[in-house]
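Single-letter residue listing:
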Amino acid sequence: MPVTEVGTSDDLLTELSDWVRIETPTTDAAAVNRLMDIAEAGLAGAGAAISRIPGHDGFGDTVIARIATSRTGGDDRPILVAGHLDTVWSHGTIERMPYVVDGARAHGPGIYDMKAGSFLAFHVVRSILRQRVATPRPIVLLLTPDEEVGSPTTRLLIEREAARAALVLIPEPAGPGGACVTARKGVGRFVMRVAGRGSHAGGAFEDGASAVVELSHQIIGLHRMVDTERGITLNTAPVWGGSRPNVIAPDAGCEIDLRVASAEDGETMQARLLGLTAKTPGCRVTVEGGMNRPPYSETPAISALYARAQDIARQVGLALPKQQRGGGSDGNFAAALGVPTLDGLGCPGAGAHASHEHILWQELAPRAALLAGLLETLGGD
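Computed from a predicted structure; not experimentally measured.

Caption draft 1: Structural view of the sheet that holds strand E13 (residues 251-260). Taking strand neighbours across the sheet as the criterion, the 4 strands line up as E11-E13-E9-E14 in an open arrangement whose pairing is antiparallel. Of all the strands in the sheet, the pair left with one neighbour each is strand E11 (233-241) and strand E14 (284-293). Between one strand axis and the next, the sheet turns through 15 degrees on average, direction left out of account. Examined bridge by bridge, strand E9 (residues 186-195) and E13 share 10 bridges and lie antiparallel to one another. Bridging from a neighbouring strand, Val187 pairs with Arg259 of E13. The strands that helix H7 (residues 263-274) touches are E9, E11, E13 and E14; relative to E14, the one it contacts most, it runs at about 160 degrees.

Structure below.
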């Protein structure tokens, strides 16, 4: 059992509810920074050494809290715990999708993905500091503002901290049955644009070259690239094109989401997408983008880390199954560097990015105890 007293699920939910009521859409830096302020103050007040890195390109700041170890000599690489405070939900969502507790479920925008997990990391690190619990390794807690759009301004920072770490823990939402994550697909994001030739749809139909028709051919072609047995999927959305029903569309386009299970498939699919050409005379196709997150594969080191986590989970009354997940996270960046990474350590629930988003709030204390146990024992061999 962990030494750190993490409190009750009721107490944790009370404080978490304050985080949920502060809306933090990724695109509003000031809003995200309001929650960063609260996290920074709580960690600094407990004695963490804080670095705050100003945001740029329209995104919020990043907070890094460092906690020293009392161990002397030997391997002093830290455990990195990385979470994000931004959500996919726009301002005003809290009015139509309010924070509410309904039996075992606590609902609210961003509560599952991933304010509960980031709060648990914050709470456990703060508790370790307040209670002066010794840990075998230093701890670095990284809170970022832009994960929900692919971490464009924080990827290099995440990779820098991960490369210095002995292992990485990611408190993204737990899966069914409280499952943690030992592998994720790689993610690619692309934009396809089609240039056609506009003309009058009645008086000069044959003079036109419809970008919408060409885009339709391309989307069907993209769908044919899907290979679920190999773990390759593509999705096109949103889609746009044309202006009026009596105008042959001079332009059209779509965004493309690519998921792959291996780095090799990522390279192959990226080359195929960037090399697409038009099938309709008079049209031109261009594709921009690339792989955004590398695949995160379960290695022997990750399997060993998972086995250690299972042992600790049993001590606090959790089963901790594992799963491979199609969605990406900042754990992809760490795992791709070869650093043992365990993801999905947040709170169980469901409805990420959906109107029924919720956590199973009575799991908050056991999940906090699991995280505390990991920080107290990993690296202590």
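Continuing now.
Caption draft 2: Fine view of the nonpolar core. Within the largest apolar cluster, 64 residues are counted, with the highest numbers of intra-cluster contacts made by Leu16, Leu169, Ile359, Leu364, Leu370 and Leu375. For this core, the leading source of residues is helix H4 (residues 111-130), giving 11 residues. Contact partners of Leu169, with chain neighbours within four places excluded, come to Ile79, Leu80, Val81, Ala82, Leu342, Leu345, Leu371, Leu374 and Leu375. Of all hydrophobic cores here, the second largest spans 21 residues; its members include Leu222, Cys254, Leu258 and Leu273.

Caption draft 3: Representation of the packing of aromatic side chains within the structure. This structure, assessed with the given rule, holds 3 aromatic pairs. Taking the centre distance of 5.3 Å and the plane angle of 80 degrees together, the rings of Trp19 and Phe119 count as edge-to-face. Of this pair, Trp19 sits in helix H1 (residues 9-21) while Phe119 sits in helix H4, placing them 100 residues apart in sequence. Judged by its relative accessible area of 0%, Phe119 is buried. Plain terms: the ring middles of Phe119 and Phe122 are 6.1 Å apart, the flat faces sit at 40 degrees to each other, and that makes the pair tilted. Here Phe119 and its partner Phe122 are both found in helix H4, 3 residues apart, which amounts to about one turn of the helix. You'll find Phe119 and Phe122 in the same group, each marked buried.

Caption draft 4: Examining the layout of surface pockets more closely. Reported here for the largest pocket is a volume of approximately 510 Å³. Along its surface, the largest pocket is lined by 24 residues, and Asp113, Glu148, Gly327, Gly328 and His353 are the ones closest to its centre. Among the secondary structure elements, those contributing two or more residues to the lining of the largest pocket are H4, E9 and E14. Taken together, the residues that form the lining of the largest pocket break down as 8 nonpolar, 7 polar and 9 charged. The space that makes up the second largest pocket amounts to roughly 170 Å³. Together, 11 residues line the second largest pocket, and Leu167, Leu305, Arg308, Leu378 and Gly379 are the ones closest to its centre. No other element matches the 4 residues that helix H8 (residues 300-315) contributes to the lining of the second largest pocket. For the lining of the second largest pocket, a count of residues per class yields 7 nonpolar, 1 polar and 3 charged.

Caption draft 5: Broad picture of the pattern of salt bridges. Under the counting rule described, the total for this entry stands at 19 salt bridges. For Arg189, the salt bridge goes to Asp257, with nearest N and O atoms at 3.0 Å. Here Arg189 is found in strand E9, whereas its partner Asp257 is found in strand E13, with 68 residues between them in sequence. When the shortest N-O distance is used, the salt bridge between Arg314 and Asp311 registers 2.8 Å. With Arg314 and Asp311 both in helix H8 and 3 residues apart, the pair spans about one turn of that helix.

Caption draft 6: Seen up close, helix H6 (residues 211-224). Helix length check: H6, at 14 residues, gives a terminal C-alpha distance of 20 Å against a target of 20 Å (1.5 Å per residue), a fit within 8%. Residues Ala211, Glu214, Leu215, Gln218 and Leu222 constitute the buried set of H6. On an axial view of H6, the arc spanned by its buried residues comes to 100 degrees, and they lie on one face. Summarising the geometry of H6, the exposed residues directed more than 90 degrees from the buried face are His223 and Arg224. Buried positions along H6 lie against E9, E11, E13, H7 and E14. The N-capping residue of H6, defined by a side-chain oxygen 3.2 Å from the backbone nitrogen of Val212, is Ser210.

Caption draft 7: Up close: the packing of H4 against helix H10 (residues 364-377). Where H4 contacts H10, the axes come no closer than 9 Å and their chain directions differ by 55 degrees. Comparing the axis directions of H4 and H10 gives the class oblique. For the pair H4 and H10, the crossing hand works out as right-handed. Here H4 contributes Ala116, Leu120, Ala121, Val124, Val125 and Ile128 to the contact with H10, which in turn contributes Leu364, Arg367, Ala368, Leu371, Ala372 and Leu375. Taken together, the residues that form the contact of H4 with H10 break down as 11 nonpolar, no polar and 1 charged.

How each quantity is defined
Residues numbered from 1 in each chain as written. Predicted model: local features only at pLDDT ≥ 70, side-chain atom pairs only at ≥ 80, totals over all residues. Heavy atoms only, no water. Pairing = 2+ DSSP bridges. Helix = DSSP H or I, 4+ residues; strand = E, 2+ residues; numbered from the N terminus. Axes fitted to C-alpha atoms, helices over the stretch in contact; angles between N-to-C directions. Contact = heavy atoms within 4.5 Å. Core = buried A, V, L, I, M, F, W, Y, C linked by side-chain atoms within 4.5 Å. Buried < 20%, exposed > 50% of the residue type's maximum accessible area, 1.4 Å probe, protein only. Phe/Tyr/Trp six-rings, centres within 6.5 Å; stacked < 30°, edge-to-face > 60°. 1 Å grid on protein atoms, 1.4 Å probe; cavity = no way out; pocket = protein on both sides within 12 Å on 5 of 7 lines; lining within 4 Å. Points joined across faces, edges and corners; volume = space filled by probe spheres on them. Nonpolar A, V, L, I, M, F, W, Y, C, P; charged D, E, K, R; others polar. Salt bridge = Lys/Arg side-chain N within 4 Å of Asp/Glu carboxyl O. Expected span 1.5 Å × (residues − 1). Arc of directions from axis to C-beta. Polar contact = N/O pair within 3.5 Å; in protein donor to acceptor, adjacent residues only side chain to side chain. Parallel < 35°, antiparallel > 145°, perpendicular 65-115°, else oblique. Left-handed = near helix turned anticlockwise from the far one by under 90°.

These results come straight from atomic positions and should not be treated as a statement about function.
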